Amino acid sequence: MPAVDERRLGTAAGLSAYGLWGVFPLYFPLLEPAGGVEIVAHRIVWSLLFVALLLTALRRWPLVRAAVTDRRTMLVLAGASVLIAGNWLVFVYGVNSGHVVETSLGYFINPLVSVLLGVVVFSERLRPLQWAAVGLAAVAVVVLTVDHGRPPWIALALAATFGSYGLLKKLVRVEAAPGLFVETAVAFLPALVFLGVLQATGRGTAGSAGTGHLLLLVASGIATAVPLLLFAAAARRIPLSTIGLLQYVTPLMQLALGVFVFHEPMPLARLIGFAIVWAALAVFTVDSLRAARAAHRRTAAEQVPATV
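Residues numbered from 1 in each chain as written. Predicted model: local features only at pLDDT ≥ 70, side-chain atom pairs only at ≥ 80, totals over all residues. Heavy atoms only, no water.

### Thoughts on the packing of aromatic side chains
To keep things clear, this is the line we draw: We call Phe, Tyr and Trp rings a pair once their centres come within 6.5 Å, taking the six-membered ring for Trp, and we label the pair stacked below 30 degrees between planes, edge-to-face above 60, and tilted otherwise. Numbering of helices and strands runs from the N terminus; a helix is a DSSP stretch of H or I covering at least four residues, while a strand is a stretch of E covering at least two. For each residue, the accessible area found with a 1.4 Å probe, counting protein chains only, is set against the maximum for its type, and the residue is called buried under 20%, exposed over 50%, and partly exposed in between.
Applying the stated rule across the entire model yields 14 aromatic pairs. Judged by centre distance (6.1 Å) and plane angle (85°), the rings of Tyr18 and Phe231 are edge-to-face. With Tyr18 in helix α1 (residues 2–22) and Phe231 in helix α10 (residues 211–235), the pair connects residues that are 213 residues apart, well separated along the chain. Overall, Phe231 belongs to the partly exposed group, its relative accessible area being 28%. Geometrically, the ring pair formed by Phe108 and Phe274 is edge-to-face, given 6.3 Å between the ring centres and 85° between the ring planes. Taken together, the residues span a long stretch of sequence, with Phe108 in helix α6 (residues 100–122) and Phe274 in helix α13 (residues 268–303) at a distance of 166 residues.

### Overview of the nonpolar core
Where we set the bar: Definition used in this section: a nonpolar core is a set of buried Ala, Val, Leu, Ile, Met, Phe, Trp, Tyr and Cys residues joined via side-chain atoms within 4.5 Å. The contact definition used throughout considers only heavy atoms, calling two residues in contact when any of these lie within 4.5 Å.
In terms of nonpolar packing, the biggest core is built from 27 residues, with Ile44, Val51, Leu55 and Phe181 touching the most fellow members. If you list the elements that add at least two residues to this core, you get α3 (36–58), α4 (61–68), α5 (71–96), α8 (153–170) and α9 (176–200). For this core, the leading source of residues is α3, giving eight residues. Once residues within four sequence positions are removed from consideration, Val51 is found in contact with Ala177, Leu180, Phe181 and Ala225. Within the second largest apolar cluster, 25 residues are counted, among which are Tyr18, Tyr27, Val95 and Val100.

### Focus on the UniProt feature "domain: EamA" (unreviewed entry) in the protein
For clarity, the threshold we go by: UniProt positions are given in the numbering used here, feature names are shortened, and annotations may be inferred rather than shown by experiment.
Per the UniProt record, "domain: EamA" (unreviewed entry) is annotated on residues 17–145 and 154–284. The distance separating the terminal C-alpha atoms of residues 17–145 is 31 Å; by composition the span is 84% helix and 0% strand.

### Things to note about the environment of Pro227
Within the secondary structure layout, Pro227 lies in helix α10. In this structure Pro227 comes out as buried when scored by relative accessible area, which is 1%. Separated by 38 residues in sequence, Pro227 and Leu189 have C-alpha atoms that sit 24 Å apart. Not counting chain neighbours up to four residues away, the residues in contact with Pro227 comprise Ala17, Leu20, Trp21, Phe24 and Ile222.

### Quick word on empty space enclosed by the protein
For the record, the criterion: Here a cavity is any set of points on a 1 Å grid over the protein atoms alone where a 1.4 Å probe fits but cannot get out, and a pocket is any open set with protein on both sides within 12 Å along at least 5 of 7 lines; a residue lines the site when it has an atom within 4 Å of a point. Grid points are joined across faces, edges and corners, and a volume is the space filled by probe spheres set on the points. The residue classification treats Ala, Val, Leu, Ile, Met, Phe, Trp, Tyr, Cys and Pro as nonpolar and Asp, Glu, Lys and Arg as charged. All others, Gly included, are polar.
Within this structure, the stated rule accounts for one cavity of 30 Å³ or more. If you add up the space inside the largest cavity, you get close to 40 Å³. Looking at the largest cavity, the residues that line it are Ile44, Ser81, Ile84, Ala85, Trp88, Glu183, Thr184 and Ala187. Ranked by residues supplied to the lining of the largest cavity, first place goes to α5 with four residues. The residue makeup of the lining of the largest cavity, split by class, is five nonpolar, two polar and one charged.

### Description of the confidence of the model for the protein
Heads up, the rule is: Confidence of the predictor at the level of single residues is captured by pLDDT, which takes values from 0 to 100.
Residues of the protein with pLDDT of at least 70 account for 95%, and the chain-wide mean is 89. The least confident element of the protein is helix α11 (residues 240–246), whose mean pLDDT is 76; the most confident is helix α2 (residues 24–27), at 96.

### Some thoughts on the layout of surface pockets
By volume, the second largest pocket is sized at about 200 Å³. Residue lining of the second largest pocket: Leu54, Leu58, Arg60, Glu175, Ala176, Ala177, Pro178, Leu229, Ala232, Ala233 and Arg236, and that is the complete set. If you list the elements that add at least two residues to the lining of the second largest pocket, you get α3, α9 and α10.

### Side note on unusual backbone geometry
Going from Glu32 to Pro33, the amide bond is cis rather than trans, its omega being 20°. Secondary-structure assignment places Pro33 in the loop between α2 and α3. Residue Arg59 is not a glycine yet carries a positive backbone phi of 55°. Following the sequence through the fold, Arg59 ends up in the loop between α3 and α4. You can call Arg59 exposed: its relative accessible area is 73%. In the Ramachandran plot, His263 falls in the positive-phi region, its phi being about 55° despite a non-glycine side chain.

### Focus on the packing of α4 against α9
Worth spelling out the cut-off: Simply put, an axis is a line fit to the C-alpha atoms, just over the touching stretch for a helix, and the angle between two N-to-C directions goes from 0 to 180 degrees. We call two directions roughly parallel when the angle between them is under 35 degrees, roughly antiparallel when it is over 145, roughly perpendicular when it lies between 65 and 115, and oblique otherwise. The crossing is said to be left-handed when, going from far helix to near helix, the turn is anticlockwise and less than a right angle, and right-handed when the turn is clockwise.
Here α4 crosses α9 at 50°, and the two axes come no closer than 9 Å. The orientation of α4 relative to α9 falls into the category oblique. At the point where α4 passes α9, the crossing takes the right-handed sense. Contact residues: α4 offers Trp61, Leu63, Val64, Ala67 and Val68, while α9 offers Pro178, Phe181 and Val182.

### As for the environment of Val172
Topologically, Val172 is positioned in the loop between α8 and α9. With relative accessibility at 10%, the residue Val172 sits in the buried group. Distance from Val172 to Ala67, taken between C-alpha atoms, is 9.3 Å for residues 105 residues apart in sequence. Apart from residues lying up to four places away in sequence, Val172 is in contact with Arg72, Thr73, Val76 and Leu77.

### Observations regarding α8
Here is the rule we go by: Expected span of a helix: the number of residues minus one, times 1.5 Å.
Compared with an ideal rise of 1.5 Å per residue, which puts 18 residues at 26 Å, α8 spans 25 Å between its outermost C-alpha atoms and is within 8% of the ideal. Turning to α8, its buried residues number three or more, namely Ile154, Ala155, Leu158, Ala159, Thr161, Gly163, Tyr165, Leu167 and Leu168. On its buried face, α8 sits against α5, α6 and α9.

Here it is, written out as structure tokens:
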């Protein structure tokens, strides 16, 4: 029963994390008239302060010290900081410029981009079905390029930055809160200087758009940290195969918001492109589940004691 309860708790945490990420397109338009860079700068500053309070409450500062005193860990987390800040900036731009559907595409193809990065960076060998999924995704990008009249660069940038961010995070073992603190600390000073310049030149919105606007900017730090902490809690309690299935909740919600709430166009060619992506994900998911079951059977067989 304790194991079952842990899995239920992990699934609930995972659904909560992906659900919160799924409604982000409703949140960031509320931060206007702040521009994309200003929003990301506030997100960095307030995330750092919120996570610092959390680390104090949980007494996790020794983990932060361990991370910052390890040169390799610091270099990796500094790279991760640049990538996640870029990801946030592209996402905010996409949402606030009326491209919510395209941002959802980025997170649909993200698992396939992650697999491809594994091939390029770690020389991993893909199974035939994985190659088929990557090939289908490439076809979908061509179809969507023809539909848009340009490559879907917002989706590709989101997938590339988040996939690369995940790749770097795999290179170090740091808990979610200490890792997020270090990543935001790397970008904290540039973000603070940028916000100071904006305020000094009268272009900042934190002090000129009302108390409600300021509170929403402050809350962006909490909105950033909470899903990441929930995701970390889920990852510790449920299998990666379950996490892999839950991750599609976010782009599905974003796609629904783009079409039904923001009324973005979904012409036939675009729908065909998305259908090809979904077919690629179906192939990828089936192959991943089969591989996970095979690995589980091998592990179980190895654990069976030999009979004399």
